[in-house]
Amino acid sequence: MTHEILIQLTNAIIEGDPELTVELTQKALAAGLEPMAIIEQGLVPGMAVVGERFECGDYFLPNLIISANGMQDAMKVLEPELRARQQEVKVAGKVVIGTVQGDIHEIGKSLVGTMLSVNGFQVFDLGVDVPAETFIAKVKETGANLVGLSALLTTTMVVQREIIDALKQAGLRDKVKVMVGGAPVSRSWAAEIGADGYAEDAIGAVALAKSLVAG
Ligand code: HCB
């Protein structure tokens, strides 16, 4: 049964109340709920509803912004808790992650980065609206063995393909695995553009990253 606080949290995201979102996040932690459950069963379902309402014209851009602010504020409370639960210390691999050029959606990419980091990966987060050259330069600089590409728009998912092609041109494609994700992205899209894998969410991204770096 879904915990009552999680339902309230989902509603606080939908209603666009960042203060209440943070308060309920703290309350959920105090009630003993796991940070990942708070994210996946409280915050993320709220963002999904906000997206649906935006799509059908009931919500406008300011609604997206205020709900996203609430989620990001809640993540600031949850990140230290996620890290505190981290057991592994061994570096599992080096990951360069970012949201592709033309796209400023940050939340999912950051959540994947945090989860990789708390699971032992060394994460180089390039932020949002990242051009191919920046990914290439960071892979060269760090010797990363994995690249994570996030795209939330149908107009920017094509940039994932451009970055994979740019990695090939730079002679780096056989040195790094590439995983892709984001709302419009799918397993078949990943296969079509020659990515090594697709993950639907942050938990899936950690499992995929581990299997990719293990060879
Ligand atoms: Co935005 N937006 N948005 N938006 N937005 C979406 C993405 C739509 C689907 C909403 C809709 O219409 N239903 C839509 C895209 C439609 C399309 O292309 N088919 C859309 C649109 C249209 C736009 C604008 C164009 C609106 C406008 O200006 N008219 C504009 C684009 C600006 C730009 O990027 N150039 C825009 C702007 C915004 C903001 C800025 C207001 C805000 C982002 C704020 C921020 O990130 N700081 C925003 C938001 C919040 C959303 C929705 C509502 C939520 C996204 C989100 O944070 N989800 C989204 C609706 C939706 O996605 N259904 C809507 C929660 C996170 C946790 O999920 O999917 O991002 P996630 O990430 C997951 C998963 O995909 C996977 O793991 C993550 C963690 O579980 N994953 C990876 C992600 N990346 C990965 C990489 C890997 O390697 C592996 C796994």
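Because the structure is predicted, anything quoted here is derived from the model rather than measured. (Residues numbered from 1 in each chain as written. Predicted model: local features only at pLDDT ≥ 70, side-chain atom pairs only at ≥ 80, totals over all residues. Heavy atoms only, no water.)

A. Quick look at the packing of helix α1 (residues 4-15) against helix α3 (residues 35-55). α3 packs onto α1 with a crossing angle of 35 degrees between their chain directions and a minimal axis gap of 8 Å. The hand of the α1/α3 crossing is right-handed. Of the residues in α3, those in contact with Leu6, Leu9, Thr10, Ile13 and Ile14 of α1 are Ala37, Ile38, Gln41, Gly42, Leu43, Pro45, Gly46, Met47, Val49, Val50 and Arg53. (Axes fitted to C-alpha atoms, helices over the stretch in contact; angles between N-to-C directions. Helix = DSSP H or I, 4+ residues; strand = E, 2+ residues; numbered from the N terminus. Left-handed = near helix turned anticlockwise from the far one by under 90°. Contact = heavy atoms within 4.5 Å.)

B. Geometry of the coordination of the cobalt atom of the ligand. Protein coordination of the cobalt atom of the ligand is limited to a single donor, His105 (NE2), positioned at 2.2 Å. Tracing the sequence through the fold places His105 in the loop between β1 (93-99) and α5 (107-118). (Donors = N, O, S within 2.8 Å, 3.2 Å for Na, K, Ca; no water.)

C. Just the side chain of Gln160, in detail. Note that Gln160 resides in helix α7 (residues 157-169). Leave out the neighbours within four places in its chain, and Gln160 touches Val100, Leu149, Ser150, Ala151, Val180, Gly181, Val185, Trp189 and Ile193.

D. Looking closely at the site of the ligand. Taken together, 34 residues sit near the ligand, with Ile104, His105, Glu106, Ser150 and Thr154 positioned nearest. Between a nitrogen atom of the ligand and a side-chain N or O atom of Ser150, the distance comes to 2.7 Å. According to the grid-proximity analysis, the pocket containing the ligand is the largest pocket. Residues belonging to the shell around the ligand are distributed by class as follows: 19 nonpolar, ten polar and five charged. Taken domain by domain, the makeup of the shell around the ligand includes at least three residues from each of domain 1 (2-84) and domain 2 (93-214). (Near = heavy atom within 4 Å. Polar contact = N/O pair within 3.5 Å; in protein donor to acceptor, adjacent residues only side chain to side chain. 1 Å grid on protein atoms, 1.4 Å probe; cavity = no way out; pocket = protein on both sides within 12 Å on 5 of 7 lines; lining within 4 Å. Sits in = over half its atoms within 2 Å of the grid points. Nonpolar A, V, L, I, M, F, W, Y, C, P; charged D, E, K, R; others polar. Domains from an automatic or database assignment.)

E. Layout of the nonpolar core. By size, the foremost hydrophobic cluster in this structure holds 40 residues, and its most contacted members are Ile38, Ile39, Leu43, Met115, Leu116 and Met179. When residues of this core are traced back to their parent elements, those giving at least two are α1, α2 (18-30), α3, α4 (61-84), β1, α5 and α9 (202-213). Two domains each put at least three residues into this core: domain 1 (2-84) and domain 2 (93-214). Residues in contact with Ile39, not counting those within four places in the same chain, are Val44, Pro45, Met71, Met75, Leu78, Leu82 and Leu111. Val130, Ile164, Val176 and Ala195 belong to the second-largest nonpolar core, a separate cluster that totals 27 residues. (Core = buried A, V, L, I, M, F, W, Y, C linked by side-chain atoms within 4.5 Å. Buried < 20%, exposed > 50% of the residue type's maximum accessible area, 1.4 Å probe, protein only.)

F. Region of interest: the sheet that holds strand β4 (residues 177-181). A sheet is described by the order of its strands in space; here five strands give the open sequence β2-β1-β3-β4-β5, paired in parallel fashion. Of all strands in the sheet, those with a lone pairing partner are β2 (121-125) and β5 (197-198), marking the two edges. Where β1 lies against strand β3 (residues 146-150), five bridges are found, and the strand directions are parallel. Its bridge partner being in β3, Thr99 is matched across the sheet by Ser150. Set on the sheet, α5 makes contact with β1, β2, β3 and β4; between it and β2 the angle comes to about 155 degrees. Relative to the sheet, α9 contacts β2, β3, β4 and β5, its axis offset from that of β4 by approximately 165 degrees. (Pairing = 2+ DSSP bridges.)

G. Expanded view of unusual backbone geometry. For Asp129, which is not glycine, the phi torsion reads 55 degrees and is therefore positive. You can see Asp129 is positioned in the loop between β2 and α6 (132-142). Using a relative accessible area of 38% as the deciding quantity, one classes Asp129 as partly exposed.

H. View of the layout of surface pockets. Of the volumes computed, that of the largest pocket is approximately 1,500 Å³. What lines the largest pocket is a set of 45 residues, among which His105, Ile107, Gly108, Leu152 and Ala183 lie closest to the centre. Secondary structure elements with two or more residues in the lining of the largest pocket: α3, α4, β1, α5, β3, β4 and α9. Broken down by element, the residue count for the lining of the largest pocket peaks at ten residues, all from α3. Each residue belonging to the lining of the largest pocket can be placed in one class, and the counts come to 28 nonpolar, ten polar and seven charged. Of the residues that make up the lining of the largest pocket, three or more belong to each of domain 1 (2-84) and domain 2 (93-214). (Points joined across faces, edges and corners; volume = space filled by probe spheres on them.)

No statement about biological role is implied by the geometric values presented.
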